[in-house]
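Observations on the three-dimensional arrangement
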Amino acid sequence: MELIQNTPDLSAYLAADEVIDHDHPIVRDMAACLARQADDSYAYARLAFEFVRDTIPHSADSGDPRVTWRASDVLEQGTGICYAKAHALAALLRAEDIPTALCYQKLGEVHGLVAVRFNGAWHRQDPRGNKPGVNAQFSLDGEQLAFTPDPESNELDYPVLYAEPHPVVLGVLQAAPDRAYLWKTLPTAL
């Protein structure tokens, strides 16, 4: 699958905004902590991915009712669904000048992940969090995502790489008072 940037301006994939708020002190502090442990950008990207994947539980797996959507809130509260975890990872990566896009899959509902740009190419990564049957790994040599869409079930990978969260995704996150409500309103397509 050819990944397609929704904007040709690569600097858009480094920008901070209300959601990917990598200028926030919580994000900056965590990025600095991770950067001290890394020898280069690739090692930093792997550390940031593993931090989000392994230390911020997916709220459905942990039973946490809170809904987070802003990267700094995900890091501060230590919880989020796939979209929120993707926002947190994007913020940590952009904080260290690694171009990062948001991307999506259509499974039963829309699933969120990121793509990082290294060596002139985009590489999708899924920080959702591992559990039995899910084994996502950071890789630039071939995707090791949490899920593989089943075309026979009308599942698919969306090829578009977004510089900001898709408005449908952001809208449902911001409108949800809790995860139970969010689960009833998750988008099934973009």
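For clarity, every value in this text was computed on a predicted model and none was experimentally measured.

In terms of burial, strand β4 (residues 121-125) is a largely internal element, 4 of the 5 residues being buried. Two elements, strand β3 (residues 110-118) and β4, share 5 bridges in a ladder whose sense is antiparallel. Each residue of the ladder has a partner; that of A115, found in β4, is R124. Linking β3 to β4, which pair antiparallel, is a turn of 2 residues; within it N119 sits at a positive phi near 55 degrees.

So, about the packing of aromatic side chains. Under the criterion given, the structure shown has 6 aromatic pairs. Directly above the aromatic system of W183 lies the positively charged group of R179, at a separation of 5.5 Å from the ring centroid.

A few words on the pattern of salt bridges. Pairing between side chains becomes possible if they bear opposite charge and their charged atoms approach one another. What the rule picks out here adds up to 9 salt bridges. Note that D61 and R128 form a salt bridge whose closest N and O atoms lie 2.6 Å from each other. A residue pair is termed long-range when its members are at least 10 positions apart, and D61 in helix α3 (residues 59-62) and R128 in the loop between β4 and β5 (156-157) qualify at 67 residues. The partly exposed category is assigned to D61, whose relative accessible area is 39%. On the basis of relative accessibility, which here comes to 6%, the residue R128 falls in the buried class. Across the salt bridge formed by R70 and D73, the nearest N and O atoms sit 3.2 Å from each other.

Here G133 shows up in the loop between β4 and β5. Judged by its relative accessible area of 82%, G133 is exposed.

What follows is about the packing of helix α1 (residues 25-35) against helix α2 (residues 41-55). Between α1 and α2, the shortest axis-to-axis distance is 9 Å and the interhelical angle comes to 125 degrees. The angle between α1 and α2 falls in the class oblique. The two elements α1 and α2 cross, and the hand of that crossing is right-handed. On α2, the residues touching M30, A31, L34 and A35 of α1 are Y44, L47, A48 and F51. Looking at the contact of α1 with α2, its residues break down into 8 nonpolar, no polar and no charged.

Once that is clear, we can look at the state of the cysteines. Throughout the structure, instances matching the rule amount to 0 disulfides. For C82, which is in no disulfide, the shortest distance to another cysteine sulfur is to C103 and amounts to 11 Å. The buried category is assigned to C82, whose relative accessible area is 8%. Looking at C103, the relative accessible area reads 0%, which means it is buried.

This part takes up unusual backbone geometry. One non-glycine residue, N119, lies in the positive phi region at around 55 degrees. Secondary-structure assignment places N119 in the loop between β3 and β4. A positive phi is found at N154, a non-glycine position, where the angle reads about 65 degrees. For N154, the location among the structural elements is in the loop between β4 and β5.

Relative to the helices and strands, H87 resides in helix α5 (residues 82-95). Within the structure, H87 has its side chain in polar contact with the backbone oxygen of W69 (distance 2.8 Å). Excluding its chain neighbours within four sequence positions, the residues that come into contact with H87 are V19, I20, W69, A71, L102, P165 and L173.

What counts, and where the lines are drawn
Residues numbered from 1 in each chain as written. Predicted model: local features only at pLDDT ≥ 70, side-chain atom pairs only at ≥ 80, totals over all residues. Heavy atoms only, no water. Buried < 20%, exposed > 50% of the residue type's maximum accessible area, 1.4 Å probe, protein only. Helix = DSSP H or I, 4+ residues; strand = E, 2+ residues; numbered from the N terminus. Pairing = 2+ DSSP bridges. Phe/Tyr/Trp six-rings, centres within 6.5 Å; stacked < 30°, edge-to-face > 60°. Lys NZ or Arg CZ within 6 Å of the ring centre and 35° of its normal. Salt bridge = Lys/Arg side-chain N within 4 Å of Asp/Glu carboxyl O. Axes fitted to C-alpha atoms, helices over the stretch in contact; angles between N-to-C directions. Parallel < 35°, antiparallel > 145°, perpendicular 65-115°, else oblique. Left-handed = near helix turned anticlockwise from the far one by under 90°. Contact = heavy atoms within 4.5 Å. Nonpolar A, V, L, I, M, F, W, Y, C, P; charged D, E, K, R; others polar. Disulfide = S-S within 2.5 Å. Polar contact = N/O pair within 3.5 Å; in protein donor to acceptor, adjacent residues only side chain to side chain.

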